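# A closer look at the structure
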Amino acid sequence: MKKLLTVLCAGALLLPSVLPAAAVDRSAPVRDSVAVEKINFQNPAFLRGMDVSSVISLEDAGVTFRDERGEEQDLFKILADNGVNAVRVRIWHDPYDSEGHGYGGGNSDLDKAKQIGRRAAAYGMKLLADFHYSDFWADPAKQKEPKAWAGLSAAQKAEVIYTYTNDSLKELRAAGADLCMVQIGNEITSGVAGCMDNADRAALLSAASRAVRDFDSEVMIACHFTDPQKTDTIKWFADYLHQYGVDYDVFATSYYPSWHGSLSNLTHVLSYAAETYGKYAMVAETSYPYTLEDSDGHANTVSFWNNNTGDDMRWDFSVQGQADAVRAVADAVNRVPDGRGLGVFYWEGAWITVGDITGKTGSAWTRQYNANRAKWEQYGCGWASSYAAEYDPDDAGQYCGGSAVDNQAFFDPKGQALPSLHVFKTVLTGTVTNSVLSGDVNGDGRVDVNDATQLQRFLAELIPLADERRCAADVDQNGSLTADDVTVLLRYLAEFETDFPIGAVI
Ligand code: CA
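Attention here is on the structure that accompanies the text. None of the values given here were measured: they were computed from a predicted structure.

As a further point, take the overall build of the protein chain. Each helix and strand in the protein chain was counted, giving 15 helices and 10 strands. Its C-alpha atoms give the protein chain a radius of gyration of 25 Å, near enough to 23 Å, the size a compact globule of 506 residues would have. Taken over the C-alpha atoms alone, the protein chain extends approximately 85 × 60 × 45 Å along its principal axes. Across the 506 residues that make up the protein chain, the buried fraction comes to 57%. Approximately 19800 Å² of the protein chain is accessible, and the part contributed by carbon and sulfur atoms is 49%. Across the protein chain, the centroid of the 43 positively charged side chains sits 3 Å from that of the 70 negatively charged ones.

In structure tokens form, the structure reads like this:
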């Protein structure tokens, strides 16, 4: 033991002085069942985000979430533990009818956003506040102003949008949210808050932008469009914002692989906004199914019959395929030059069923469906309740119901986390899928002092190490190789107790 401790002390003193700064990649792939290739992120602040706007309504309806071991856990802790570093939340102005019934879609009002922001911050995650400037879904087909703003001129809407945005941000921060970014409008390709004219829309965006700047100049402002496959159109939006002098930081788009073209085109259009106008670029929404099965009785956006082929649906409908898709979208954003690719937010990655219909048929299916429907109505945990018909008669009024994306969540119908969720962390390191003997740096099947020597030689840049050997060498399992791993390994060899599974097959 004395000899080992001498080595330990020598190593601790020697290594820092001989290491050139940041010369080699010391990340260590982690052992995982889901294969993920590492991304070398140009921007160290890259946002690996998730939208979970419906979570409060799901919890109200009795849904619980569990980690992979099956233990019930706060959803936000599960996300943070798996590498999600930011949460997105949509904010509707007043998603309730005159009798107080929620429209559904999470009844996503400011109060819900405050709860979500506070819980995200409790686990170290930042918040992207996504203002729809509507009482319900805003997207290319719908940009209806809030009921309270009906009849206002564009100039009057610009005044109220300023006050509403600024006041709401103050409330979010007071509630404990760690705001990093604000979306002024959602998928605003056709307009915003009922203003479809280009000049009016720009006036509203500028007023909303001033509200964010006046709140806190450090908080980034995102303008969010969709249909990036319409290459010329989405590039025109970057030109448009410039032409009208809208002050913003991040050019964002949705990217759904069924509809939105190739990933190389995504990189192209984001790069255009980044390079031409000096903006950051981001994917504000994406998702991919891990299965084509439905689990709540409401038809899914991507199913056996719908959208399962499309522009770029090349990945398997499996846990691995879901992780592959997320990794590929993040990679496409990271290819935007000069570190201006800022992040990817996965859309509604926890919008699971409120009652599992899997395997049920006949009257058992009907009973479960009716029970689910009652919850969608009562708690607003489906995409729309029947109460939304007064505000959105053509869509919600006709097709109200449950989750259309339960098969794109990172949780199974019982609420248990899927291993694909690891991708938010493992894109930083990569994975190895074969078993390795932890501590066996040189790959000879044993763990001994030669492994510590081998690791020191790697850290001194005298030798390379293959992925599996770097994985085995990361004995403290933090995703990077440092002198700490040598120390932990030597302590293990000196028979000190360790918290890590050194000498075990992982
Ligand atoms: Ca469904």
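The next point concerns the environment of S206. Inspection of the secondary structure puts S206 in helix α6 (residues 198–215). Of the residues examined, S206 reaches a relative accessible area of 18% and is grouped as buried. Setting aside anything within four residues of it in sequence, one finds S206 in contact with G245 and V246.

Time to look at the pattern of salt bridges. Tallied over the full model, the rule gives 28 salt bridges. In this structure, R88 and D51 form a salt bridge, with 2.9 Å as the shortest nitrogen-oxygen distance. Pair noted here: R88 is in strand β3 (residues 86–91) and D51 is in strand β2 (residues 47–51), with a separation of 37 residues, a long-range link. A relative accessible area of 0% places D51 in the buried class. Among the salt bridges present, the one from D395 reaches K142, with a minimum N-O distance of 2.8 Å. In this pair, D395 is assigned in the loop between α10 (362–379) and α11 (396–399) and K142 in the loop between β4 (126–131) and α5 (154–174), connecting sequence segments 253 residues apart. Taking the relative accessible area as the measure of exposure, K142 reaches 15% and is therefore buried. One network of salt bridges, with partners in common, ties together D51, R88, D130 and E285.

This part takes up the packing of α5 against α6. Two quantities define a packed helix pair, namely the angle between the helix axes and the distance between the axes. For the pair α5 and α6, interaxial distance at closest approach is 8 Å and the crossing angle is 30°. In terms of axis orientation, α5 runs roughly parallel to α6. The handedness of the crossing between α5 and α6 comes out as right-handed. Here A154, K157, A158, I161, Y162, T165, N166, L169, K170 and R173 of α5 lie close against α6, whose contacting residues are D200, A203, L204, A207, A208, R210, A211, V212, D214 and F215. A breakdown of the residues in the contact of α5 with α6 according to their chemical character gives 12 nonpolar, two polar and six charged.

With that out of the way, let us pick up the packing of helix α8 (residues 263–277) against helix α9 (residues 319–334). For the pair α8 and α9, the least separation of the axes is 8 Å and the interaxial angle reads 35°. For the pair α8 and α9, the crossing hand works out as right-handed. Residues L263, L266, T267 and L270 of α8 pack against A328, V329, A332 and V333 of α9. Within the contact of α8 with α9, the residues separate by chemical class into seven nonpolar, one polar and no charged.

Right, let's get into empty space enclosed by the protein. Applying the stated criterion to the full structure yields two cavities of 30 Å³ or more. By volume, the largest cavity is sized at about 70 Å³. The wall of the largest cavity is formed by F41, F46, L47, R48, V326, A330, V344, V423, F424 and V427. For the lining of the largest cavity, the elements supplying multiple residues, two or more each, are β2, α9 and α12 (423–426). Taken together, the residues of the lining of the largest cavity break down into nine nonpolar, no polar and one charged. Estimates place the volume of the second largest cavity at around 30 Å³. In terms of lining residues, the second largest cavity is bounded by P257, T286, S287, Y288, A325, V326, V329 and Y346. Of the residues forming the lining of the second largest cavity, the biggest block, three residues, is contributed by α9.

All right, on to the nonpolar core then. Counting residues in hydrophobic clusters, the biggest one holds 117 residues, and the most contacted among them are F65, Y133, F136, L172, F251 and F411. The greatest single-element share of this core, amounting to eight residues, is contributed by α9. Beyond its immediate stretch of four places on either side in the chain, F136 contacts W92, Y103, G104, W383, A384, A388, Y391, D392 and A396. Listed in part, the 19 residues of the second largest apolar core include A28, L455, I463 and V475.

About the criteria used
- Along each chain, residue indices are assigned from 1 in the same order as the chain's sequence is written.
- Predicted model: local features are reported for residues with pLDDT of at least 70 only, side-chain atom pairs are reported and counted for 80 or more only, and whole-chain, interface and lining totals are derived from all residues.
- Neither water nor hydrogens contribute to the side-chain values; these are computed over all heavy atoms in the structure.
- Helix and strand labels come from DSSP, where a helix needs a run of H or I of at least four residues and a strand needs a run of E of at least two; each type is numbered from the N terminus.
- Every radius of gyration here is taken over C-alpha atoms, with the globule rule written as 2.2 Å times N^0.38, N being the number of residues.
- Whether a residue is buried, partly exposed or exposed follows from its accessible area with a 1.4 Å probe, protein chains only, as a fraction of its type maximum: under 20%, in between, or over 50%, in that order.
- Each accessible area value is a Shrake-Rupley result obtained with a 1.4 Å probe; residue values ignore everything except the protein chains displayed when judging cover.
- Charged-residue counts in this description rest on Lys and Arg as positive and Asp and Glu as negative, His and the chain ends being excluded.
- Lys charges are placed at NZ, Arg charges at CZ, Asp charges at CG and Glu charges at CD.
- Only heavy atoms enter the contact rule, under which two residues are in contact if any of them lie within 4.5 Å.
- Salt bridge, as used here: a side-chain nitrogen of Lys or Arg that lies within 4 Å of a carboxyl oxygen of Asp or Glu.
- Comment: axis = line fitted to C-alpha atoms, over the contacting stretch for helices; angle = value between 0 and 180 degrees taken between N-to-C directions.
- Working definition: roughly parallel below 35 degrees, roughly antiparallel above 145 degrees, roughly perpendicular at 65 to 115 degrees, and oblique for all remaining angles.
- Take the far helix as your reference; a near helix turned counterclockwise from it by less than a right angle gives a left-handed crossing, and one turned clockwise gives a right-handed crossing.
- Ten residue types, Ala, Val, Leu, Ile, Met, Phe, Trp, Tyr, Cys and Pro, are classed as nonpolar, four, Asp, Glu, Lys and Arg, as charged, and the remainder, Gly among them, as polar.
- The rule is simple: put a 1 Å grid over the protein atoms alone, call a set of points where a 1.4 Å probe fits but cannot get out a cavity, call an open set with protein on both sides within 12 Å along at least five of seven lines a pocket, and count a residue as lining if it has an atom within 4 Å of a point.
- Grid points are joined across faces, edges and corners, and a volume is the space filled by probe spheres set on the points.
- Among buried residues, the Ala, Val, Leu, Ile, Met, Phe, Trp, Tyr and Cys ones that are joined through side-chain atoms within 4.5 Å form a nonpolar core.

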